[in-house]
Structure formats: C-alpha cells, structure tokens
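Spelled out from the first residue to the last, the chains are:
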Amino acid sequence: MNIAFQDRLQERILEMGKKGTLKIQRHLASPMDAKVVMEEKGKIIILSSNNYLGLSSNKKVIRAGIKALKKYGAGTASVRFICGTFSIHRELEEEIASFMKTEAALTYVSCWDANMGSIPVIAQEGDAIISDSLNHASLIDGCRMSKANRQIYKHANMTELEECLKKAEGAKTKLIVTDGVFSMEGDLAPLPEIVQLAKKYDAVILVDDSHGIGVMGKTGRGTAEHLGVLGEIDIITGTLGKALGGAAGGFVASGKPLVNMLSQVSRPQIFSNALPPTVAGSALQAIKVLRDKPELVEKLHSNVDYFRGQLKKMGFKPLESKSAIIPIIIGETSQAIKLSGALLEEGIFVTGFGFPVVPEGTARIRIQISAAMNKKIMDKALKVFNKVGKKFQLI
Ligand SMILES: Cc1ncc(COP(=O)(O)O)c(C=O)c1O
C-alpha cells in the first residue's frame, strides 16, 4: 500500500470539507417514492430524485424485474457478441424504438455509456461536432472521446450554432449535440430551430433526452414530442434510470444502420456486459405502464405547476422552465449545501449543487417533482420551504 498516496487524497478531501463543498452521502432504506426512509434522518419527503412518474416503486415494474431475474438469472456473464444476449434485451430495444418512433434502438448499461459509446462512432476524424455549452457531462465526455473537430456554442444560442455550422463546412458529418431538457437549468433545447439549421446545413442531430422522456410531451415521448419535432431528430439517447423505472440503463434510438454500426463497433457494446435482466424487465414494464397511463405525465405537470406556483407566491424566484426541474439559484456552493442541510433538518431532502456540476457562483438547489406526490405532501414541503427560505433570507 502506498500510504502517502492515500494521505494526499485525504488532504484534498479535508480541504473540500473546510470549504463546505463536500458532498454528503445519504443512505435510503426504502424504495424511492414521494417519501423515503433515510437511515440518517428517518422518514422524509424527497425532492431530489428523478423518479418523475413514481415508477421505481410501481408494483408492476417491480414484479416484472423479479420475473426477468427468475427467468434469465443474474446476467449474461459476458459481452453480447461473445455469449449472446437475452431475448428480453431484444424485446426492450424493440419497445424503446417503437415508443420513440425510431427504426431501432440499442441499450447500454447506462446513458453515460450510451453517450460515451455512440458519439465517437457517429462523428469521426474529419467530421465536426457542435455542442451546447451546458450539455450533460456524459455528452461532453462523449464528444471528447471523438476524433472529430469540436466546437461549443453558447447555451441555446442559435446564432452561435449557425456560425459553428458555417465553420464546419467541408466536414462529412456535422453532428449537433444537445440535451433535450437541461438537467441543471430545467430549460428545453430549442429543437424546432435546431432542426431548421440542421436541414439548412445538412447536419445530424443527437438529443440526450434523459430528463425529457416520460416528462415532456402529451404521451411522455420527450422534448421532441413537446416541441412538435418527434421524427425529425436523427439520434435520441436517454436513460432508463429516471422516469422509466429508475433502475439503470440507457439507450440510443435511431435508424437501423446506426444501431447496427454501434453494435459492431461501439466500445461499451463490444467490451462490456449487457443490462442485467431485472433492469431490462423493469424498464420494459415501465414503458408499458407509461403507454397505458399517459395521464401520469399530466399528473406530474399539475404537481409541477402547483409547487412552482406556490414557491413563487412565497417570493422564491425559481428558474423558469416547462420541465419537472425547479432550480433556485443560491450563488455560493457552501451556501447551497447549508440550505440543503437546513431543509433536511426539517424533513425535506433537496440536494445543493455547486461547482463543478454547475458553473462557479451559480450554486443552486434543484427541486424535482414526481407524479407520486399528492397535495398533502407538497403542502408539507412548501411549509418547510417558507420557514427555511425566510431563515436564509431568500424570501
Ligand atoms: C442529461 C443526462 N444524460 C445522461 C445521464 C446519465 O444517465 P445514466 O444514469 O443512465 O448514466 C444523466 C444523469 O444524470 C443526465 O442527466
């Protein structure tokens, strides 16, 4: 053991502790729901999960996971192309493609992997990537993994995007990369404008809609559905670890040639195992529940509207958005973490985010609403926001 190495790391952790920027790990002892049992605190209301539709504790979703576990066992114990894949993977991929209205889909063990594994295949040496400045870290890292020339445009700024597209002239593939719903702001990518520009400059669009699928659009098909451009996005990536059951897993939904190419050469596909069957079974069922009950999306938005409206009535100034993410900017990271601690003292779990998750000086708390919440729970949480908000002079 190199003790000096571990000591150096410990020093850095202590330093983060002194600055008040250390992330605190909490432990939950019950399924994700509107209320959870936190080992450190007892029963609390959770406003920091991506369980937007409440499906991670849905009985049908849990039963489907158990059924798949019993049928297929724990996993494939190797990589797909070496040992084969389970039929439930194919079923899930067909269901994702049909739900997203694309020709085909391919699953990964996470959306992190889907982004990292697909972008370097889509855009290669001699190609161009043009990426929104507030894209999720997995898109950023996916772009870094590509040998294509990379440009970044100011968040949602279509003038800059067009300038980048002009600069990319001559590249065989020009790939525009954006989140659908931006995870830290909650705002939406201007997809209709992006589609127009892509047509004008013969570009390809990749949208990571991890926070949009199950949330945006009348039937939960995401930001493209909400903005009327479903079917006009070349590549949609998303997670199965948020609205769609909340376990884990990600996917790329696109045309058959891209999906076939990814299964041939995408590094996580050929060097890493497929999704565990329990996860595939639960996610498959979650999509079926969403298909059968699109009113869950409506319930989610009526909860979001209520919570957001009440916060504004109290005097909070959340960032405006149409998604289920309600960020309140605090400024200093340590202050956002302190605020989160004070809310937890009162039984409300909301995480404070600071640098490097968000730019320096824009630390925030991010409230996330779920269809699993009812008015009584929301009113209880709002009462705490009123009390703590006054204490921190936010209202
Ligand atoms: C926009 C976006 N993309 C990708 C991911 C990664 O998803 P996963 O947990 O499936 O790796 C996240 C998760 O935070 C996300 O918010």
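Look a little higher up for the structure.
For the protein, the helix and strand inventory stands at 15 helices and 13 strands. Taking 395 residues into account, the globule formula puts the C-alpha radius of gyration at 21 Å, and the protein, at 21 Å, falls close to it. Projected onto its principal axes, the C-alpha positions of the protein cover 55 × 55 × 55 Å. Going through the 395 residues of the protein one by one, you find that 49% of them count as buried. Sequence separation of at least 24 residues holds for 71% of the intrachain contacts in the protein that already meet a minimum separation of 6.

Across the six residues that make up strand β13 (residues 363-368), a large majority, six, are buried. Burial along β13 is two-sided: the residues Ala363, Ile365 and Ile367 and Arg364, Arg366 and Gln368 are all buried. Strand direction decides the pairing type here: strand β12 (residues 352-353) and β13, joined by two bridges, are antiparallel. Across the sheet, the residue bridging to Phe353 is Arg364, located in β13.

A few words on the nonpolar core. Membership of the largest hydrophobic core comes to 118 residues, with the highest contact counts inside it found for Ile130, Leu175, Ile205, Ala283 and Leu300. By residue number, the principal contributor to this core is helix α12 (residues 277-292), which donates seven residues. Residue-level mapping places this core at the junction of two domains, with at least three residues from each of domain 1 (21-50 + 294-391) and domain 2 (59-292). Among all residues touching Ile130, those that are not within four sequence positions of it are Gln151, Tyr153, Leu161, Cys164, Leu165, Ala168, Lys174, Leu175 and Ile176.

This brings us to helix α13 (residues 295-314). Over its 20 residues, α13 runs 29 Å from end to end, which matches the ideal 28 Å to within 8%, given 1.5 Å per residue. Within α13 the residues assigned to the buried category are Leu296, Val297, Leu300, Asn303, Val304, Phe307 and Leu311. Along the axis of α13, the buried residues cluster in a sector spanning 125 degrees; they form a single face. Projecting away from the buried face of α13 at angles above 90 degrees are the exposed residues Glu295, Asp305, Gly309 and Lys313. Those residues of α13 that are buried lie in contact with α12, β10 (325-331) and α15 (375-391). In the stretch just after α13, Gly315 is the one whose phi turns positive, near 115 degrees.

This next bit is on the pairing of strand β9 (residues 250-254). Buried residues dominate β9, accounting for five of its five residues. Of the two faces of β9, the one lined by Gly250, Val252 and Ser254 and the one lined by Phe251 and Ala253 are each fully buried. Two strands pair when backbone bridges link them, and strand β3 (residues 104-108) and β9 are joined in this way by five bridges, in the antiparallel orientation. What sits directly across from Leu106, in β9, is Val252. Bridge count between strand β8 (residues 235-239) and β9: four bridges; the pairing is antiparallel. Counterpart to Thr239 in the pairing with β9 is Gly250.

Okay, the site of the ligand next. Neighbouring the ligand are 13 residues; Ser110, Cys111, Trp112, His136 and Thr239 lie closest to it. For the shell around the ligand, the class distribution of residues is two nonpolar, nine polar and two charged.

Procedures and definitions
- Residues numbered from 1 in each chain as written.
- Predicted model: local features only at pLDDT ≥ 70, side-chain atom pairs only at ≥ 80, totals over all residues.
- Helix = DSSP H or I, 4+ residues; strand = E, 2+ residues; numbered from the N terminus.
- Rg over C-alpha atoms; globule rule 2.2 N^0.38 Å.
- Buried ≥ 20, exposed ≤ 12 C-beta atoms within 10 Å, placed from the backbone.
- Contact = placed C-beta atoms within 7 Å.
- Pairing = 2+ DSSP bridges.
- Core = buried A, V, L, I, M, F, W, Y, C linked by C-beta atoms within 7 Å.
- Domains from an automatic or database assignment.
- Expected span 1.5 Å × (residues − 1).
- Arc of directions from axis to C-beta.
- Near = placed C-beta within 6 Å.
- Nonpolar A, V, L, I, M, F, W, Y, C, P; charged D, E, K, R; others polar.

On their own, these measurements won't tell you what the molecule is for.
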